[in-house]
Amino acid sequence: MHPNETLIRNFYKAFSDRKADAMGACYHDDVQFDDPAFVGLKGREAYGMWAMLIEGMDPQGTIECTNAQADDTKGSADWEAVYKFSKTGRTVYNKIHAEFEFKDGKIIKHKDSFPFWKWSRMAFGTAGLFIGWTPMFKKKVQGEVRKTLTMYMKRRKIK
């Protein structure tokens, strides 16, 4: 197994075990992270996001990584998360595809992709069904999660 594939598997094992510090150790100091909700995170913001998500995770939630693969420069994985969305208490079953780039034996770029409308229908119910596909709704969610992350990092003194 390529060392970068092991790195990806260790990252998701740490997520499944709710160990944000171990996840952060897989990231390069200059990591860039993007997904449909968390856009343009850099460095410690990416660590802060995972720490915040783990702290708020449903104890019954599950994370499972499949199809991890990597070479010297790039990698990918599919992973699934099942959890209760904290704002609504609704169960979300999200299938995510992750793309990675590596530098100095760490993850330097991480991009998660998933169908935002499908996620919003599960997370928000009827509201997600009717307006979850709109750019306005997506921007609103992105703004709210950015604000929540900023407040979390300030409270936890993550710099």
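Residues take numbers from 1 onward in each chain, read along the sequence in its written order. For this predicted model, a pLDDT threshold of at least 70 governs which residues receive local features, and a threshold of 80 or more governs which side-chain atom pairs are given and counted, while totals over whole chains, interfaces and linings are taken from all residues. To obtain the side-chain values, all non-hydrogen atoms of the structure were included, while hydrogens and water were left out.

J.: Help me understand the pattern of salt bridges in this model?
T.: For side chains bearing opposite charge, pairing can occur when the charged atoms are close. What makes a salt bridge here is a side-chain nitrogen of Lys or Arg within 4 Å of a carboxyl oxygen of Asp or Glu, nothing more. Overall, the coordinates contain six salt bridges when judged by the stated rule. The salt bridge partner of Arg-146 is Glu-45, with a shortest N-O separation of 2.8 Å. On the criterion of sequence distance, the pair formed by Arg-146 in helix α6 (residues 135-156) and Glu-45 in helix α3 (residues 44-55) is long-range, its members being 101 residues apart. It is possible to trace a salt-bridge network through shared partners that takes in Lys-87, Lys-140 and Glu-144. Secondary structure follows DSSP: runs of H or I at least 4 residues long count as helices, runs of E at least 2 residues long count as strands, and numbering of each begins at the N terminus.

J.: I keep staring at α6 and nothing clicks. Help me out?
T.: An α-helical turn contains 3.6 residues, so any two residues separated by three or four positions project in the same direction. Helix length check: α6, at 22 residues, gives a terminal C-alpha distance of 31 Å against a target of 32 Å (1.5 Å per residue), a fit within 8%. Burial here depends on accessible area, computed with a 1.4 Å probe over protein chains only, as a share of the maximum for the residue type. Under 20% is buried, over 50% is exposed, and the range in between is partly exposed. Of all the residues in α6, the buried ones are Phe-137, Val-141, Gln-142, Val-145, Leu-149, Tyr-152 and Met-153. Projected onto a plane normal to the axis of α6, the buried residues spread over an arc of 135° and lie on a single side. Away from the buried face of α6 by more than 90 degrees, exposed residues Met-136, Lys-139, Lys-147, Lys-154 and Arg-155 are located. Packing partners of the buried residues in α6 comprise β2 (41-42), α3, α4 (116-124) and α5 (126-131). In this scheme, a helix's expected span is set at 1.5 Å multiplied by one less than its residue total. Starting at the helix axis, one direction is taken to each C-beta atom, and the arc is that of these directions. Whether two residues are in contact is decided by their heavy atoms: any pair within 4.5 Å suffices.

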